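Chain by chain, the residues run as shown.
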Amino acid sequence: MVSCGRDNIRLWRVRNGTLRSCPVNLGEYHSLDFTDVAFEEGNSFYQHHDDRTLFASSRSGHIFEIDYSRVVIRNVRRLLPAQQQHVDRREKWTFNTEHEGPVSLVSVSSDSLQVLAATSTGNLGFLDVGSRGYNTLMRSHIDNVLGFSVDGIRRHLTTASSDGTVRIWNMDSLQQLYDFVSEDSPCSVAFHPSEQIFSCGFSSGIIRVFDISSAKLLAEHKQHRGEVIGLAFSPDGDFMYSAGSHGSLALYNSFEEEHSVIRVVCNVVAQGTERAPDALTVSSDSRCLAFVGPSEYIVTIADARSLDELLHVDVSVLDVESPRLDSALKVCFSPASAEHLLVATSANKILWVSTKTGRLLREVPKVHKHRCSSLAVSDDSRFVLTAGHNAVKVWDYNMQLGVNSQQMFIGHSQPIHQVSFTPDQLGVVSVGDAIFLWDFLAHPVDSLTDSRSPLTESYISAAKLVQLEAELRRVRLSNGMPRKAAPLPSSPPPQLDVSTMDKVEQGALGSLSLGDDAPTITTVPVSASGPASSANPRPTVSFLKVTELVNASPLNTSHLDTGKPPAALILN
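Within any chain, residue numbers begin from 1 and follow the written order of that chain's sequence. Only residues with pLDDT of at least 70 are given local features in this predicted model, and only at 80 or more are side-chain atom pairs given and counted; all residues enter the totals for whole chains, interfaces and linings. As a convention, hydrogens and water are excluded, and side-chain values are obtained from all of the structure's heavy atoms.

Engineer: What's the story with unusual backbone geometry in this structure? I'm lost.
Structural biologist: The phi angle of most residues is negative, glycine excepted, and most peptide bonds adopt the trans form. Here the amide bond leading from alanine 276 into proline 277 is cis, since omega sits at 5°, within 30 degrees of zero. Of the consecutive residues glycine 293 and proline 294, the connecting peptide bond is found in the cis state with omega at 5°. Structurally, proline 294 is set in the loop between strand S25 (288–292) and strand S26 (298–303). One non-glycine residue with positive phi stands out, namely serine 286, at about 65°. Secondary structure follows DSSP: runs of H or I at least 4 residues long count as helices, runs of E at least 2 residues long count as strands, and numbering of each begins at the N terminus. Its place among the elements puts serine 286 in the loop between strand S24 (281–282) and S25. Residue exposure (1.4 Å probe, protein chains only): buried if accessible area is under 20% of the type maximum, exposed if over 50%, otherwise partly exposed. A relative accessible area of 3% places serine 286 in the buried class. You will see that glutamine 425, though not glycine, has its phi angle at about 65°, which is positive. Among the secondary structure elements, glutamine 425 is positioned in the loop between strand S36 (418–421) and strand S37 (427–431).

Structure, rendered in C-alpha cells:
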C-alpha cells in the first residue's frame, strides 16, 4: 500500500503480522503537499508489482516517477500553464457539462469512450464521448444523515443531513426527487401520514412545514429556543408535535394549512440532544404521546390532544439491585392493541411498560454492546427493531429466546441515528453515515403465527409454504445478490425552480430543487395550489415545473436494471 500527504510519500507492507512503512527520500522536494498516488498501468501484465513505476502528484503541479523497488525518485516533471498557442498541436475535444458543484473526481474508461465524474456535492454521473451526452447516476448526502421519515402511501423517503440539506427519495427507483438547502441546519423530519406534506425541524429551533405537491412553504414556527430533537404527526393526521432541546413541547393543528399552535409546554422534555431525532412517539390510535422527561429518569405519557400528563414512569427504581441509576434513552409505542410502551435505557436494556398502569411487564438486558440509539416496533407487534454499536438488530417481540431472538444487520461504519421498518414491514431503513435499505427475511411460517401468543404451532401444507415463499420473493427488496447497474427512475421526476419565488418565502425555504437526469426535457408550468383552504389564504407563487422526457438518451438503455436490488443498498 502507498500513502501520501504533506511532506511525505510512504510505502507500506505487512511482514510477520506487523504493518511497517518506509518513506521515499524526497530530497529538495520534502516540503511539498502531495495529493495522489497511482501505480503504472498498461503493458504491465507480465511485470512484477515491484517493477512497476509509482506516480505521485503534488498541489504545486509536480508529477513524480518513483522506483518502487528501490524507493527513490526516478524523474520529476512539473505542469505549467500554457504560455502560447501551438499551431501544430493535436486538436482536442472540449465538453462543457454543468454540474451542481465542483468536480472532485474524474475517471476515464479503458476504451476512452466514457468519463465518470463525481462532485463535491455528492453527485455521480458519466459522459459518453461519442454522443456527448451526460447522465446523472446518483445523488447523495455528503455528510452524516441525522434523521428520516417515510411516506408509506407514495413510498417516499425524506432525510435530514449534517450537510445542510433535506432530500426526498423514491424508495423504488432509489433516485433523489427533491432537495432542500438552507443556511440553518436541519436535524429532524416527519411526513404527514396521508398528505404530500412534510415538516422539518432545525438546530435553531425553527420548524417549517412544506407542501410537496405545490412546492410551497405552508408554515413556519419558532416555539423552541434550542435544537428540535423530536418531530411527529399523529397517525390520524390531525395534530403535529415538536420537542426542543431546552425542554419545551409544542402541539399544532395539522388539519389547518397554517398548522396553528394549540399549546406550548415548557420544562417537560428531558434537556439535551442525545435523544434526537426521534424523542417523541405517538400511539397508533392517536390518543397518547410519550417522551423522556422532565428528567432523564422519567418517562411521561400524555394526552395527544391536549398534552395533559396521564402517567409518569420512573425507570431508575425498576431495578432495585442495580448499583447505578438507570435513565431512559428512547421510547416507542407498540400497536394500541398491545397497550405496551417500550423503553430503551442507559443500562442497555429494553423495558416493556404497561401504558395503563406503568407496571414493568418484561425486560431484556444486554441488547447492544453500547447504548441503544433508536427503537421501533413493527405494525403487527411481531418484531422490535433496535440500533446500537454501529449495528441494527431485529428481535422477536415476545423474546422467547431472550438475547438470541434476533437478526443482526452489520454495515454501518459510524453510529446509527435512526431506524424504522418500511411501510410494507418487509424491509428496514437505517441512517447514519449513509442511508441503508435492508431486506428483513422473516420466516414465512411466522406470518401465520399469532403474534400476540408465544410462538403458537400451526400446520402448514407444502403447497402453502411454496406459495408464501413465492409471494415473499416478489415483494422483497432484493434477491441477496449485488446489482451490476445503477437503478433508473420509472418516470422522470418534476423540476422545481425557486427563482420566481417571492423573497419572503424564498428566504425561509432556502432552495428547493429537483434532480433531472434527462438530457432533453420539455417544461410545462403548473400553478401552485395548497392542500387545504383557509380564511386568509397566503398568496401563492407558482414555481413548480413538471418535466417530461422527450428524447431519452441512448445511454439510459445500457444501464437498465435487469436484476433486483442488493440485500443492503447504501445511498451515501
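Engineer: What's the story with the confidence of the model for the protein in this structure? I'm lost.
Structural biologist: Note: predicted coordinates in regions of low pLDDT should not be interpreted at a detailed level. Summary statistics for the protein give a mean pLDDT of 78 and a share of 72% for residues scoring 70 or more. Under a pLDDT of 50 for its full length, residues 472–476 has, in the predicted model, 8 contacts with residues more than four places off or in other chains. Summary of the metric used: pLDDT quantifies the predictor's per-residue confidence within the range 0 to 100. Should any heavy atoms of two residues lie within 4.5 Å, those residues are counted as being in contact. Counted against residues more than four places away or in other chains, residues 490–568, with its pLDDT under 50, gives 166 contacts.

Engineer: What is the right way to look at the environment of serine 234 in this model?
Structural biologist: Along the chain, serine 234 falls in the loop between strand S20 (228–233) and strand S21 (239–244). Since its relative accessible area comes to 1%, serine 234 is described here as buried. Serine 234 sits 20 residues away from serine 254 along the chain, and the two C-alpha atoms are 9.1 Å apart.

Engineer: How do you make sense of the sheet that holds strand S31 (residues 360–364) when you look at a structure like this?
Structural biologist: In spatial order, the strands read S28-S29-S30-S31; together these 4 strands make up an open sheet with antiparallel pairing. On the outer flanks of this sheet lie strand S28 (328–333) and S31, each paired with one strand and no other. Here the average twist between neighbouring strands, direction ignored, is 20°. Strands pair, by our definition, only if DSSP identifies at least two bridges between them. Pairing geometry for S28 and strand S29 (residues 340–345), over 5 bridges, is antiparallel. If you follow alanine 328 over to S29, its bridge partner there is threonine 345. To get an axis, fit a line to the C-alpha atoms, keeping to the stretch in contact for a helix; angles then go from 0 to 180 degrees between the N-to-C directions.

Engineer: Would you mind going over the pattern of salt bridges with me for this structure?
Structural biologist: When charged atoms on two side chains of opposite charge get close, those side chains can pair. Take a side-chain nitrogen of Lys or Arg and a carboxyl oxygen of Asp or Glu: if they are within 4 Å of each other, that pair is a salt bridge. With the rule as written, the count across this model stands at 17 salt bridges. When the shortest N-O distance is used, the salt bridge between aspartate 424 and arginine 155 registers 3.8 Å. One end of the pair, aspartate 424, is in the loop between S36 and S37; the other, arginine 155, is in the loop between strand S12 (145–151) and strand S13 (156–161), with 269 residues separating them in the sequence. When the shortest N-O distance is used, the salt bridge between glutamate 274 and arginine 275 registers 3.0 Å. Owing to a relative accessible area of 5%, arginine 275 belongs among the buried residues under this scheme.

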